[in-house]
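Below, each chain spelled out in residue letters.
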Amino acid sequence: MSYFTTPSRVIITCHKRLAPYLEQEVKDLGFDIEEAFVTGLRIKASINECIKLNLNLYCASQVLYSLGSFTAHHPDDVYRFLVQMPWEDIIAGEGYFSVTSNVQNPTINNSMFANLRVKDAIVDRFRDKKGTRPTTGSDLIGAVIHLFWKNDSAEIFIDTSGDSLARHGYRKIPGRAPMLEALASATILASRWDRNSTFINPMCGSGTLAIEAALIATNSRPGLFRDNFAFMHVLGYDQEIYDAEQAKLEEQIRDVPGLRIIATDYSNVAIANARKNAIAAGVSELIDFECCDFAETEVPKENKGVFFINPEYGDRLGEIAELEETYARIGDFMKQKCGGYFGYVFTGNLDLAKKIGLKAKRRIEFYTSTIDCRLLEYELYEGTRREFNPPAAPLA
């Protein structure tokens with residue numbers, strides 16, 4: 001049986017609250033959604049189709065291809081089921097594989113033990129059938145096998161991704177408290193930005209939001225920045241299939257005449273690092289970087305789009321007092337300089353957000369790490385409200 005051409009259950013995972021944007025991405029690629037949940041969704045696909053998913057998705061973390069489900073009360077049940085599977089048809093005998101897991105079972109208090117039982121089953125199967133065994137390790141550089149085990153229900157997957165897709169691979173210098181690339185993409189997809197009008201990103205830090213905006217606008221997919229995926233190390237992998245999908249990525253990049261993405265930060269170091277990251281992503285010519293206070297950021301009067309800022313949230317009293325003034329200044333800047341734009345403030349501190357002094361039209365829920373965050377949307381009217389004709393709201 002060729003897993004590369006045989007459809008099976010495929011689980012595409014993502015960080016919490018990114019699922020609505022991931023779902024739309026997957027639909028746009030032509031797949032039917034069988035089930036959506038808080039941290040991902042389920043479809044039916046072959047591994048060859050998983051190649052397309054891995055290369056194209058902005059908001060995903062892993063693409064998991066199911067090899068089968070089973071009942072397991074104890075780690076030994078996991079071993080007994082897996083040792084019977086034809087691992088010699090999945091992993092090269094001289095190859096390398098890793099094991100990851102998501103385990104919630106009362107017999108397990110350390111997921112590493114569950115990983116070990118999976119590894120033991122695969123290695124013992126090889127020894128029995130081939131008299132040799134592949135090497136193993138924790139680095140996700142070869143084939144990756146994933147165990148999902150909750151209560152008495154277990155499922156074993158080929159993780160076709162390996163390293164998380166949520167990190168898009170271009171960011172060489174992350175800077176201070178950087179936004180995860182998949183999260184940055186999702187917040188942009190959640191906005192009303194039309195991908196043609198001006199995108200203004202003060203307090204840009206390492207440049208993630210501005211770079212993701214440039215990638216989304218030009219339809220440049222994350223697969224362009226990565227040359228190793230776990231599916232490449234599964235027996236039956238066809239380089240020609242991958243090359244064909246890579247060629248499609250190049251072909252679908254679009255030119256956006258007149259697009260302006262403006263990114264500013266008060267730190268010279270941050271701007272220098274953001275430029276380096278933009279060069280690595282191949283979009284440096286699309287972004288105007290400048291070192292200045294956010295209130296000095298250029299706001300073009302033509303082709304008005306969105307103003308998008310991710311200020312600090314603060315975790316000490318001294319910081320909070322200083323940030324209250326900053327948030328108030330953000331509100332003043334949007335009111336005085338950004339008429340005709342949509343304003344977006346991404347924050348994990350709703351008390352500080354009150355200092356903006358504007359009523360948010362939408363409050364879109366996100367998480368960053370373990371912080372409950374909101375993307376606050378503001379209609380910044382130019383002239384009378386009746387004259388303002390905003391684009392339709394995307395997914396919330």
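Refer to the structure presented above.
Quick caveat: nothing in here was measured; it's all calculated off a predicted structure.

Reading guide: rules and limits
- Here, residues in each chain are numbered from 1, in the same order as that chain's written sequence.
- Whole-chain, interface and lining totals are the exception, using all residues; otherwise, since this is a predicted model, local features are given only for residues with pLDDT of at least 70 and side-chain atom pairs are given and counted only at 80 or more.
- Calculation of side-chain values draws on the structure's entire complement of heavy atoms; hydrogens and water are dropped beforehand.
- What counts as a salt bridge is simple: a side-chain nitrogen of Lys or Arg found within 4 Å of a carboxyl oxygen of Asp or Glu.
- Helix numbering and strand numbering both begin at the N terminus, where a helix is a DSSP run of H or I of at least 4 residues and a strand a DSSP run of E of at least 2.
- Each residue is placed in one exposure class: buried if its accessible area under a 1.4 Å probe, protein chains only, is under 20% of its type's maximum, exposed if it is over 50%, and partly exposed if it falls in between.
- Using a grid of 1 Å spacing that covers the protein atoms alone, one calls a set of points a cavity when a 1.4 Å probe fits there but cannot get out, and a pocket when the set is open and has protein on both sides within 12 Å along at least five of seven lines; lining residues are those with an atom within 4 Å of a point.
- Grid points are joined across faces, edges and corners, and a volume is the space filled by probe spheres set on the points.
- For this classification, the nonpolar set comprises Ala, Val, Leu, Ile, Met, Phe, Trp, Tyr, Cys and Pro, the charged set comprises Asp, Glu, Lys and Arg, and every other residue, Gly included, is treated as polar.
- We call two residues contacting when some pair of their heavy atoms lies within 4.5 Å.
- Directions from the helix axis toward the C-beta atoms define the arc.

A.B. asks: An account of the pattern of salt bridges is needed here, citing residue identities and associated values.
C.D. replies: Using the criterion set out here, one finds 24 salt bridges in the structure. Between Arg 192 and Glu 377 there is a salt bridge; the shortest N-O distance is 3.0 Å. Here the residue Arg 192 occupies a position in the loop between α5 (181-190) and β9 (199-201), and Glu 377 occupies one in strand β15 (residues 371-379), the gap between them amounting to 185 residues. The exposure class of Arg 192 is buried, given its relative accessible area of 10%. The class of Glu 377 is buried, set by a relative accessible area of 0%. Residues Asp 372 and Arg 374 are paired through a salt bridge, measuring 2.8 Å at the closest nitrogen-oxygen approach.

A.B. asks: Outline the layout of surface pockets, supporting the account with residue identities and numerical values.
C.D. replies: In this structure, the largest pocket encloses a volume near 1400 Å³. Taken together, 48 residues line the largest pocket, and the ones lying closest to its centre are Arg 176, Ala 177, Asn 310, Pro 311 and Glu 312. Looking at which element gives the most residues to the lining of the largest pocket, the answer is helix α9 (residues 317-337), with 6 residues. When grouped by side-chain class, the residues that make up the lining of the largest pocket number 22 nonpolar, 14 polar and 12 charged. Lining the second largest pocket are 23 residues, with Ile 11, Thr 13, Leu 64, Asn 102 and Phe 148 sitting closest to its centre. Those elements that provide at least two residues to the lining of the second largest pocket are β1 (8-13), β2 (35-37), β4 (62-71), β5 (96-104), β7 (143-150) and β8 (153-159). Ranked by the residues each element gives to the lining of the second largest pocket, the list is headed by β8, at 5 residues. Here the lining of the second largest pocket is built from residues that sort into 8 nonpolar, 9 polar and 6 charged.

A.B. asks: Can you lay out helix α6 (residues 208-217) for me, pointing to particular residues and giving the numbers?
C.D. replies: Of all 10 residues in α6, 10 are buried; the element is thus mostly enclosed. Where α6 is concerned, the buried positions are Thr 208, Leu 209, Ala 210, Ile 211, Glu 212, Ala 213, Ala 214, Leu 215, Ile 216 and Ala 217. Structurally, α6 contributes buried residues whose contacts are with α5, β9, β10 (261-265), α8 (268-281), β11 (287-291) and β12 (306-309). Just beyond α6, the residue with positive phi is Asn 219, at close to 60 degrees.

A.B. asks: Describe empty space enclosed by the protein, with residues and values.
C.D. replies: The tally for this structure, following the rule as stated, stands at 1 cavity of 30 Å³ or more. Empty space within the largest cavity amounts to approximately 60 Å³. Every residue lining the largest cavity is listed: Asn 54, Leu 57, Ser 164, Leu 165, Arg 167, His 168, Pro 222, Gly 223, Arg 226 and Phe 229. Per-class residue counts for the lining of the largest cavity are 4 nonpolar, 4 polar and 2 charged.

A.B. asks: Let's hear about helix α1 (residues 19-28): which residues, and what values?
C.D. replies: Those residues of α1 that fall on the buried side of the exposure criterion are Ala 19, Tyr 21, Leu 22, Glu 25 and Val 26. Buried residues of α1, viewed axially, fall in a sector of 160 degrees; they line one side. Along its buried surface, α1 packs onto β1, β2, β3 (40-45), α2 (47-56), α5 and β14 (362-368). Downstream of α1 by one or two residues, Gly 30 has phi in the positive range, about 100 degrees.

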